[in-house]
Amino acid sequence: MEKIILTILITVSVLFFCSCMDLDREPLDIIADKALFEDQALTEAYLFNIYGYMPCGYGLFVEGGTNVLTGMGITDLLDGSTDLLRSPAGWNESNGVMIPGTISATYNPLETWGRSYEVIRKVNSLIEGLTNNSPLPDDFKNRVMAEARFVRAFMYFDLVRRYGDVPLIKEVQNFDNLEEIMVSRTPQSDIYDFIDSELESIGEILPYAKNLAATEHGRASREAAWALNGRAMLFAKRYERSAFFSKKVMDQQYFILDPDYNALFQSYGGNREVIFEVMFDGVNRGHACDNLYMPPSLDNGWGSQTNPTQELVDSYEMLDGTPFDWNNPDHAKNPYKGRDKRLQASIIVDGSTFKNKVIRTAYLMPDDGLGLIERTYTGYYIRKFLDETLPFEKLYFGGSVTSWKELRLGEVLLNYAEAQNEVNNGPDESVYNAINQVRERAGLPVLPDGLNYTQMKERIIHERKVELAFEGHRFWDLRRWRLAELVLNNKYFHGMKITENVNGEKTYEIFELNMLPKQVFLPKHYLMPINQGELDKNPNLGGNNEGY
């Protein structure tokens with residue numbers, strides 16, 4: 001095995017994944033590879049460092065006092081570049097780059113290439129170290145390698161959905177051998193073959209979720225491997241495989257939909273709907289979600305950096321299953337009453353109670369609008385993810401502890417419904433059952449019988465929009481459905497101005513959010529550009545993606 005020196009970050013920020021671990025020696029900063037893979041505690045620490053590369057969709061997070069960007073969000077949520085959210089901040093990369101469509105090979109705020117291949121190399125090093133005469137127990141080695149392969153499969157999935165063809169590197173490269181490191185891009189289909197094969201294989205090795213200890217939240221289970229494969233195969237348009245793996249998760253009947261949709265997203269680990277989550281402790285590792293999105297009257301004025309659009313608010317149905325309609329006088333009189341339960345669980349509207357305070361976003365007449373109580377660009381705030389128990393003194397950059405829910409049952413059910421609808425060219429009973437579980441949790445009636453393929457697909461697209469709002473799925477769904485040009489290009493979105501007179505009567509006025517750039521989405525934007533520095537270093541990568 002190549003004799004390299006591996007830098008191991010054995011810190012509390014790594015070890016908190018398994019808080020019961022007790023090293024019987026002083027932590028070392030630099031450890032020779034042979035010694036590393038002869039010591040179980042050090043090997044685990046190296047694995048937890050690998051887990052540290054998994055995404056945080058909240059955007060920027062803080063680890064060990066250092067700001068970390070994973071490309072899953074920026075200083076905004078991924079959905080800040082879709083029709084769901086808009087930010088008032090000119091400095092926000094959504095406004096500066098993603099929305100106006102100026103992403104380029106020299107500046108991509110969602111760049112993940114270097115970070116992804118960095119952790120892929122670490123995984124390859126771990127696998128090589130444990131398979132080459134490591135004296136550690138086989139059960140331990142097999143599980144650790146399977147967990148590392150889960151991270152590697154996720155990274156390849158994320159790379160291929162961003163860049164298309166990418167190099168597939170499965171073994172440790174010798175940096176002294178130029179021919180070995182100047183790797184060409186591998187076709188997308190081969191990358192998806194690898195992801196499918198890897199996740200199927202480790203799904204037979206990883207422990208079942210029910211067997212994970214409470215101290216192991218944030219570690220991969222076999223259901224996590226199946227759920228990730230179900231998602232990845234949707235992107236690959238391998239619908240039979242997608243439905244197969246999503247159904248394997250469902251058939252275990254271990255994961256359940258949390259009846260409290262809002263509480264689900266305030267949890268810190270162990271929620272029975274969550275299949276895989278990225279953990280934080282708010283001390284050594286924390287994110288900034290509450291600091292960035294809390295109503296400003298509750299966080300000393302810093303919050304409200306991204307706000308929900310009227311397009312999203314209007315997407316939530318009435319509780320009887322009919323669409324909300326501003327032309328219906330009963331709907332328009334009390335527009336936030338009698339709606340899909342996920343509306344108030346996801347979005348703070350005028351009159352919502354949050355942290356024991358009634359939030360008012362209406363303008364009070366006759367002061368010409370100067371009586372705005374809250375500062376919201378669209379008339380709404382994000383509620384989803386915000387921790388109502390977080391004390392005021394924790395509302396700083398990196399003080400939030402809610403876990404990032406990367407995989408959960410709600411998504412798996414919708415993944416299955418979509419894939420199975422594609423397999424059969426129309427819905428069968430299992431498709432209805434999967435999507436209706438999600439709807440019934442939201443207080444909505446089941447879908448009507450007799451929907452054809454197109455009608456069911458439209459329902460699934462709608463359901464994903466509201467069920468998975470702000471979780472980053474909309475950003476990718478519009479791309480994989482090839483709907484982003486239709487939904488986003490040449491568009492402004494809208495907000496709500498509420499005017500209240502002295503008698504308490506309110507008027508509602510939808511207005512265009514035209515103070516910041518109009519959205520641009522061109523055919524080239526379905527893929528991201530490869531960083532020019534990577535192309536300069538490795539000419540075998542060939543040219544950039546079309547249009548860049």
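Since the model is a prediction, treat every value here as computed from it, not as a measurement.

A. Representation of the overall build of the chain. Along the chain, the regular secondary structure elements total 21 helices and 16 strands. Over its C-alpha atoms the chain spans a radius of gyration of 24 Å, differing by no more than 12% from the 24 Å that the globule rule assigns to 548 residues. Structurally, the chain occupies a C-alpha span of about 80 × 55 × 45 Å along its principal axes. When burial is assessed residue by residue, the chain has 60% of its 548 residues classed as buried. In the chain, once contacts between residues fewer than 6 apart in sequence are set aside, the share between residues at least 24 apart is 70%. Looking at the chain as shown, the accessible area adds up to about 21,500 Å², and 50% of this sits on carbon and sulfur atoms. Here the chain contributes 56 positively and 78 negatively charged side chains, and the mean placements of these two sets differ by 2 Å.

B. Region of interest: the pattern of salt bridges. Applying the stated criterion across every chain, the model contains 39 salt bridges. One salt bridge connects Glu147 with Arg219, and the closest N-O pair in it is separated by 2.6 Å. Placement of the pair is Glu147 in helix α6 (residues 138-163) and Arg219 in the loop between α8 (188-202) and α9 (222-235), with a sequence separation of 72 residues. Across the pair, exposure class does not vary: Glu147 and Arg219 are buried alike. Between Glu467 and Arg441 there is a salt bridge, and its shortest N-O distance comes to 2.9 Å.

C. Main features of the confidence of the model for the chain. Residue-level pLDDT values for the chain average 90, and 91% of them are 70 or greater. Put simply, helix α1 (residues 12-15) is where the chain has its lowest mean pLDDT, 36, and helix α16 (residues 409-423) is where it has its highest, 99. The model gives residues 1-30 a pLDDT under 50, and that stretch makes 71 contacts with residues more than four places away or in other chains. Counting interchain partners and residues more than four positions distant, the pLDDT-below-50 stretch residues 366-372 has six contacts.

D. Main features of the pairing of strand β15 (residues 494-500). β15 sits mainly inside the fold: five of its seven residues count as buried. Looking at chain direction, β15 and strand β16 (residues 506-512) are connected through seven bridges and run antiparallel. The partner of Thr499 across the bridge, within β16, is Thr507. Hairpin remark: β15 followed by β16, antiparallel, with five residues in the connecting loop; positive phi at Gly504, about 80°.

Definitions and limits used
Residues numbered from 1 in each chain as written. Predicted model: local features only at pLDDT ≥ 70, side-chain atom pairs only at ≥ 80, totals over all residues. Heavy atoms only, no water. Helix = DSSP H or I, 4+ residues; strand = E, 2+ residues; numbered from the N terminus. Rg over C-alpha atoms; globule rule 2.2 N^0.38 Å. Buried < 20%, exposed > 50% of the residue type's maximum accessible area, 1.4 Å probe, protein only. Contact = heavy atoms within 4.5 Å. Areas by Shrake-Rupley, 256 points an atom, 1.4 Å probe, with all protein chains shown as cover. Lys, Arg positive; Asp, Glu negative; His and termini not counted. Charge placed at Lys NZ, Arg CZ, Asp CG, Glu CD. Salt bridge = Lys/Arg side-chain N within 4 Å of Asp/Glu carboxyl O. pLDDT = per-residue confidence, 0-100. Pairing = 2+ DSSP bridges.

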